[in-house]
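Commentary on secondary and tertiary structure
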Amino acid sequence: MAENAKHLLLVDDEAALREAIAERLTDHGFTVEQAGSGEEALARLADFAFDVIITDLRLPGVDGRAVLDAALERYPDIIAIIITGFGTVKDAVNAIKQGAADFITKPFQFDALLHVLKSALEQRRLRSENAYLRSQLEERYRIDGLVGRSRVMRDMFQLLETVAATSSTVLITGETGTGKELAARAIHHNSPRRANRFVAINCSAIPETLLEAELFGHVRGAFTGAVGTRQGRLEQAHKGTLFLDEVGTMSPALQAKLLRVLQEREFERVGDSHTVKIDVRILAATHSDLAKMVSDGTFREDLFYRLNVIPVRLPPLRERREDIPLLVQHFLQKLGSEQVPPRNATVSQEAMRRLMAYAWPGNVRQLENVVERALAFSQGRSQIDVTELGAEIRNAPAGSEETSPWFPDEGIDLERYIEGVELTMIKRSLERTQGNKVQAARLLNLKRTTLIEKLKRLERAPEA
Ligand SMILES: Nc1ncnc2c1ncn2[C@@H]1O[C@H](COP(=O)(O)OP(=O)(O)OP(=O)(O)O)[C@@H](O)[C@H]1O
Ligand SMILES: [Mg+2]
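In this text the structure is predicted, and so the values were computed from the model without any measurement. (Residues numbered from 1 in each chain as written. Chains lettered and ligands numbered in written order. Predicted model: local features only at pLDDT ≥ 70, side-chain atom pairs only at ≥ 80, totals over all residues. Heavy atoms only, no water.)

When helices and strands are tallied, the protein chain shows 19 helices and 18 strands. In the protein chain, which comprises 464 residues, the proportion classed as buried is 45%. As displayed, the protein chain has an accessible area near 23700 Å², and 51% of this comes from carbon and sulfur atoms. Positive and negative side-chain charges of the protein chain, numbering 62 and 66 respectively, have mean locations separated by a distance of 7 Å. (Helix = DSSP H or I, 4+ residues; strand = E, 2+ residues; numbered from the N terminus. Buried < 20%, exposed > 50% of the residue type's maximum accessible area, 1.4 Å probe, protein only. Areas by Shrake-Rupley, 256 points an atom, 1.4 Å probe, with all protein chains shown as cover. Lys, Arg positive; Asp, Glu negative; His and termini not counted. Charge placed at Lys NZ, Arg CZ, Asp CG, Glu CD.)

Shown next, in the form of structure tokens:
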């Protein structure tokens, strides 16, 4: 950080605390300026483009929210970190909605602030790096065990590769069987932590009374049956990655403990007062809608924000049907090579059409099972046909991906979306007509010149 030290504005009206923090931040290579009031902060912001602003929300006179507003309005790229008082999580969450990168609750230890600051910086770098990588990297069709050729999955592979380089917390969401665990493993295997352990714990599979000890470990006599001292999964993942699967099922008490781990990187074993410090990267997954659970009051909002630092959403298979042929081929190879003698089967066109039309409620896992079953039933034959697919797929009404477009929580860019649909339809019409623009225009009910104009415009449009 030395030659391009980050310029940081620290705003707090408690002079002693402010100066102590400023000193330590300076030791860590930041160039720090201080402001003791909102007014002073506004004046400094008017003069200088800081990289980072850390401000207390509660300030006499012009308060922290107004300072935050002014900072973000003037410098949309500034990294803003909010300091809040104990028990004012709502304010912190509002500040995040307003555009702050993160928050920290008073009283805090300097290390916790440093952690928040570093991960905010890392996220920012990641965002610009990701945009850069998109333009630089050769596109890939797989990462670890995940394969896919749809636009969403190719973007996903790039996202996974980019986040792998960081130690940010990632929340992986998606329906059952969409590959959440595979994505978590891919992040770990591509990360600098790959030489250390990937420890997975499924929060819904362990009875709530045991989960705490499983996660944090326990000392002898901590509870009935605790005969020895045992390391928890967190400690096992030291220097590596902890994967918290089905994190939405955690009890409120455990949610609070997990929040502390995420904020302070420390915890105590059950029955022990000694504090354990760890260096662990946390990946979490859930098939439930955590944002909704937050609004229902069943999941802590602050924990949600801590986990959702980088959201990764795996789309259901029915929204990326163009992945189906590649997945089928992948499973045929994988399963075929496990058989004795190895088999090299293919799928008939009609069977592939059925596979592509089916809705796949169980997503990729279900597809894998169907391929496995079909292989078993087609013993000996080199081609899998419709009869081997099983009744539910054979008899399913043909679905259509256009009938239920997916609307993501974070919203969409409607114009880009519509351009995407336009481009898909135009490409399909051209495929259908072997590239004949006159015939394609007719199928699209467009004038030929309109089609050509649209093609030019769409092909020029940056694929961000
Ligand atoms: N893109 C993919 N490419 C290849 N295999 C995949 C892909 N996605 C999922 N699979 C396979 O599908 C199965 C389910 O994947 P995984 O266990 O990662 O899903 P999940 O989202 O964690 O499901 P659940 O919510 O039920 O736990 C695994 O066998 C995995 O290998
Ligand atoms: Mg899973």
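Continuing now.
Once that is clear, we can look at a positive patch on the surface. A grouping of Lys437, Arg448, Lys456 and Arg460 is seen on the molecular surface, where their side chains present a positively charged patch. If you trace the backbone, Lys437 turns up in helix H18 (residues 437–444). (Patch = residues over 30% accessible without salt bridge, like charges linked within 9 Å, V, L, I, M, F, W, Y side chains within 5 Å. Salt bridge = Lys/Arg side-chain N within 4 Å of Asp/Glu carboxyl O.)

This part takes up the sheet that holds strand E8 (residues 170–173). Across the sheet, five strands lie side by side as E9-E12-E15-E8-E16; this open sheet has parallel pairing. If you trace the sheet from one side to the other, it starts and ends with strand E9 (198–202) and strand E16 (310–313), each paired once. If you compare each strand with its neighbour and ignore which way they point, the axes differ by 20 degrees on average. By the bridge criterion, four bridges tie E8 to strand E15 (residues 281–286) in an arrangement that is parallel. Following the sheet pairing, Leu171 is matched in E15 by Ala284. (Pairing = 2+ DSSP bridges. Axes fitted to C-alpha atoms, helices over the stretch in contact; angles between N-to-C directions.)

The next point concerns the packing of aromatic side chains. For any pair of aromatic rings, geometry is given as the distance between the ring centres together with the angle between the planes. Under the counting rule described, the total for this entry stands at five aromatic pairs. Measuring from ring centre to ring centre gives 4.9 Å for Phe48 and Phe50, while their planes differ by 70 degrees; the resulting arrangement is edge-to-face. Its relative accessible area of 32% is what places Phe48 among the partly exposed residues. The buried category is assigned to Phe50, whose relative accessible area is 5%. With a centroid separation of 5.9 Å and an interplanar angle of 25 degrees, the aromatic rings of Phe198 and Phe243 are classed as stacked. One end of the pair, Phe198, is in strand E9; the other, Phe243, is in strand E12 (residues 241–245), and 45 residues separate them in sequence. (Phe/Tyr/Trp six-rings, centres within 6.5 Å; stacked < 30°, edge-to-face > 60°.)

Residue alternation in strand E5 (residues 102–105) divides its side chains into two sets, Asp102 and Ile104 and Phe103 and Thr105, and both sets are buried. Here strand E4 (residues 79–84) pairs with E5 via four bridges, running parallel. Bridging across to E5, Ile81 finds its partner in Asp102.

Attention now goes to the packing of helix H13 (residues 324–338) against helix H14 (residues 349–357). Interaxial distance between H13 and H14 falls to 10 Å at its minimum, and their mutual angle equals 115 degrees. The handedness of the crossing between H13 and H14 comes out as right-handed. Mapping the contact onto sequence places Ile324, Pro325 and Val328 in H13 and Met352, Leu355 and Met356 in H14. For the contact of H13 with H14, the residue count by class is six nonpolar, no polar and no charged. (Left-handed = near helix turned anticlockwise from the far one by under 90°. Contact = heavy atoms within 4.5 Å. Nonpolar A, V, L, I, M, F, W, Y, C, P; charged D, E, K, R; others polar.)

A separate point is the nonpolar core. Side chains of nonpolar character tend, in soluble globular proteins, to be buried together. Core analysis: the biggest nonpolar cluster contains 32 residues, and Leu234, Leu242, Leu244, Val247, Met250 and Phe299 have the highest contact counts within it. Of all the elements in the fold, those that place two or more residues in this core are E9, helix H8 (208–216), E12, helix H10 (252–264), E15, helix H11 (290–296) and helix H12 (301–307). Not counting residues within four places of it along the chain, the set of residues in contact with Phe299 comprises Val247, Gly248, Gln255, Leu290, Met293, Val294, Phe304 and Leu307. Formed by 26 residues, the second largest nonpolar core is a distinct cluster that contains Leu317, Leu326, Leu355 and Val370. (Core = buried A, V, L, I, M, F, W, Y, C linked by side-chain atoms within 4.5 Å.)

Under the counting rule described, the total for this entry stands at 30 salt bridges. Put simply, Lys106 and Asp56 hold a salt bridge, and the shortest N to O gap is 2.8 Å. Placement of the pair is Lys106 in the loop between E5 and helix H5 (110–136) and Asp56 in strand E3 (residues 52–56), with a sequence separation of 50 residues. Look at Lys106 and you get buried, because its relative accessible area is 17%. Salt bridges here are not isolated pairs; linked through shared partners, they connect Asp12, Glu14, Asp56 and Lys106.

This part covers the packing of H18 against helix H19 (residues 448–460). Viewed as axis vectors pointing N to C, H18 and H19 meet at an angle of 95 degrees, and their least axial separation amounts to 9 Å. Looking at the two axes, H18 sits roughly perpendicular to H19. For the pair H18 and H19, contact is made by Lys437, Val438, Ala440, Ala441 and Leu444 and by Arg448, Leu451, Ile452 and Leu455, respectively. Residues that form the contact of H18 with H19 fall into these classes: seven nonpolar, no polar and two charged. (Parallel < 35°, antiparallel > 145°, perpendicular 65-115°, else oblique.)

A separate point is the site of ligand 1. Within the structure, ligand 1 sits among 17 residues, and Thr176, Gly177, Lys180, Arg365 and Glu368 are positioned closest to it. A distance of 3.0 Å separates a nitrogen atom of ligand 1 from a polar backbone atom of Val147. In the model, an oxygen atom of ligand 1 is placed 3.4 Å from a nitrogen or oxygen of the Thr178 main chain. Relative to its unbound accessible surface of 630 Å², ligand 1 loses 85% to contact with the protein. Residues belonging to the shell around ligand 1 are distributed by class as follows: six nonpolar, six polar and five charged. (Near = heavy atom within 4 Å. Polar contact = N/O pair within 3.5 Å; in protein donor to acceptor, adjacent residues only side chain to side chain.)

A cluster of nonpolar side chains, Ile412, Leu414, Tyr417, Ile418, Val421 and Met425, forms an exposed patch at the surface whose accessible area comes to about 490 Å². In this structure, Tyr417 sits in helix H17 (residues 414–432).

For the rest of this paragraph, the subject is the side chain of Glu266. Tracing the sequence through the fold places Glu266 in strand E13 (residues 266–268). A polar atom in the side chain of Glu266 sits 3.1 Å from the side chain of Arg260. Contacts of Glu266, omitting those with residues within four sequence positions, involve Gln109, Arg260, Val261, Thr275, Val276 and Lys277.

The parallel open sheet is built from five strands, whose spatial order is E2-E1-E3-E4-E5. The two strands at the open ends of the sheet, each matched to only one other strand, are strand E2 (31–35) and E5. Going from strand to strand, the sheet's axes swing by 20 degrees on average, the running direction of each strand aside. The strands touched by helix H1 (residues 15–27) are strand E1 (7–11), E2 and E3; relative to E2, the strand with the most contacts, the crossing angle is about 165 degrees.

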